[in-house]
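Chains, contacts and geometry: an overview
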Amino acid sequence: MTTAPTPNLSRVDLPQGTVTYRVAGPSDSTRPPVVFVHGLLVDSLLWTSVAELLAEQGIRSYAPNWPMGSHRVPMNPDADLSPRGMARVVLDFLAALALTDVTLVGNDTGGAICQFVLDTDQSRIGRLVLTNCDAFDVFPPTAFVPLVKVGAHAKLIKPLIGATRPTYLRHSRLGFGLLFAGKPDAAVTRSWIEPCLTDKAIRRDAAKLMGAIRPKELLDVSTRLGSFTKPVQLVWGDADRCFKIGFAERLASVFPNATVTPVAGGKTFVSLEFPDQVAAAISAAADAG
C-alpha cells in the first residue's frame, strides 16, 4: 500500500485558489489524459499506485489534492466549495492545464463531484470511470451522515477529527475502517487528518463542502446523466457496505454506455488496495473511447 511521504507537487492557480497536484506518466503521451477526483478527508495518495501503473502503459495522469479537508493549501476565503462549486473547480483545473478528451476518475464523494461535472459541462470529458461512490440520494452514505452534519460547522471539525488521532480509533468504524478491505496504512490515514487538525482555513474549506451537501441535488443530477453517451466504467468493490454492488448496477443503468466491473473483496478504497484492477479499467475505458 502507498505510504505517506509527500513527493514534489505541482501547483496551479485557479479562480478559487491554488490547487496542488501530482503528475505521473510521459509528457508526450498520445493516450487520453487521466484526472482523478478523490473524496472527503483524503488526498491524491489514494491514486498513487494506479497512476504508476498507468504511467507504465504510457498514460499521463493528474492527481490533484482537491479542497475537501486533506489539502494543505487553503482556497480563497470566498471560493464556492459546494458540490456544484467543486465541479467548477475541477473544470477550471482542466481548462488551466488545457486538458481535453479527459478520462475522469472519481471515488467516494469525488464520484458525486464527477457527476456534477458532467451536469455542468461535459465538453472536456472523453470518458468516465467511477469506483465505489455516492450517487442518487446516497450523499453521503448512511454511516457518514453524522460526520457530514457535524463537519458542516468549521468549529466542530477539529475536535471531531482529533478524536481519531489514536490509530485504533482512526481505523475503526468511527474513522476509515469501513472503507478498507484490509489493514490501512497508519501513515497515510494520519496524513489525511493532519491538515484539519492544524489549519483553521482548511477546516473552513471542508465545512463549506460538508455544509452544502444535499442528497436531493445529486438525485436531480442523476436524472440527466443519460446525456453522457461516452464510455463509462464502474469498477466496484463488491464487499463494500457503504456502496453495495447493486448500487453500481443501478448507477450503470442511467448511462447509455456503461459497464460494471466487480472487484472481488474490495471496499470503497479499491484504488489503494486493488490498483491493478482499477488501472486496467481506466486503460480499457481509454481504448473504448
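1. What about the confidence of the model for the protein?
- Looking at the protein, pLDDT values average 95 and 97% of them are 70 or higher.
- In this model, residues 1-6 is a region of pLDDT below 50 whose contacts with residues beyond four sequence positions or in other chains number 21 contacts.

2. Quick look at the packing of aromatic side chains
- A complete count under the given rule lists 10 aromatic pairs for this structure.
- Plain terms: the ring middles of Trp-192 and Phe-269 are 5.7 Å apart, the flat faces sit at 70 degrees to each other, and that makes the pair edge-to-face. Residue Trp-192 is located in helix H7 (residues 186-198), and its partner Phe-269 is located in the loop between strand E8 (258-263) and helix H11 (270-273); the two are separated by 77 residues in the primary sequence. Like Trp-192, the residue Phe-269 is buried in the burial classification.
- Above the face of the Phe-136 ring, Arg-250 is positioned so that its terminal group lies 3.7 Å from the ring centre.

3. Brief notes about helix H9 (residues 215-222)
- Every buried residue belonging to H9 is among Leu-218, Val-221 and Ser-222, and all of these are buried. Taken around the axis of H9, the buried residues stretch over an arc of 105 degrees, which confines them to a single face.

4. Here's the deal with the sheet that holds strand E6 (residues 125-133)
- Pairing in this open sheet of eight strands is mixed, and the strands run E1-E2-E4-E3-E5-E6-E7-E8 from one edge to the other. The open sheet has two edge strands with one neighbour each: strand E1 (10-14) and E8. Along the sheet, successive strands turn relative to each other by an average axial angle of 25 degrees, direction set aside.
- Two strands pair when backbone bridges link them, and E6 and strand E7 (residues 232-237) are joined in this way by four bridges, in the parallel orientation. The residue bridging Leu-128 from the neighbouring strand is Val-232, located in E7.
- Its contacts with the sheet place helix H3 (residues 109-120) against strand E3 (34-37), strand E5 (102-108) and E6, and it is angled at close to 140 degrees to E5.
- Seen against the sheet, helix H10 (residues 245-252) touches E6, E7 and E8 and runs at an angle of roughly 170 degrees to E7.

5. A closer look at the pattern of salt bridges
- Applying the stated rule across the entire model yields eight salt bridges.
- A salt bridge links Arg-84 to Asp-119, with the nearest nitrogen and oxygen atoms 2.9 Å apart. Taken together, the positions of Arg-84 in helix H2 (residues 83-96) and Asp-119 in helix H3 put the pair 35 residues apart, joining distant regions of the chain.
- Members of the salt-bridge network, linked through shared partners, are Arg-84, Asp-119, Asp-220 and Arg-224.

6. Looking at the pairing of E3
- Residues of E3 alternate between two faces, with Val-34 and Phe-36 on one and Val-35 and Val-37 on the opposite face, all of them buried.
- Of the strand pairs in this sheet, E3 and strand E4 (residues 61-64) are connected by two bridges, and their pairing is parallel. Bridge pairing in E4 links Val-35 to Tyr-62.
- Crossover handedness for the path E3 to helix H1 (residues 48-56) to E4: right-handed.

What counts and how
Residues numbered from 1 in each chain as written. Predicted model: local features only at pLDDT ≥ 70, side-chain atom pairs only at ≥ 80, totals over all residues. Heavy atoms only, no water. pLDDT = per-residue confidence, 0-100. Contact = heavy atoms within 4.5 Å. Phe/Tyr/Trp six-rings, centres within 6.5 Å; stacked < 30°, edge-to-face > 60°. Helix = DSSP H or I, 4+ residues; strand = E, 2+ residues; numbered from the N terminus. Buried < 20%, exposed > 50% of the residue type's maximum accessible area, 1.4 Å probe, protein only. Lys NZ or Arg CZ within 6 Å of the ring centre and 35° of its normal. Arc of directions from axis to C-beta. Pairing = 2+ DSSP bridges. Axes fitted to C-alpha atoms, helices over the stretch in contact; angles between N-to-C directions. Salt bridge = Lys/Arg side-chain N within 4 Å of Asp/Glu carboxyl O. Right-handed = clockwise from strand over helix to strand, strands pointing away.

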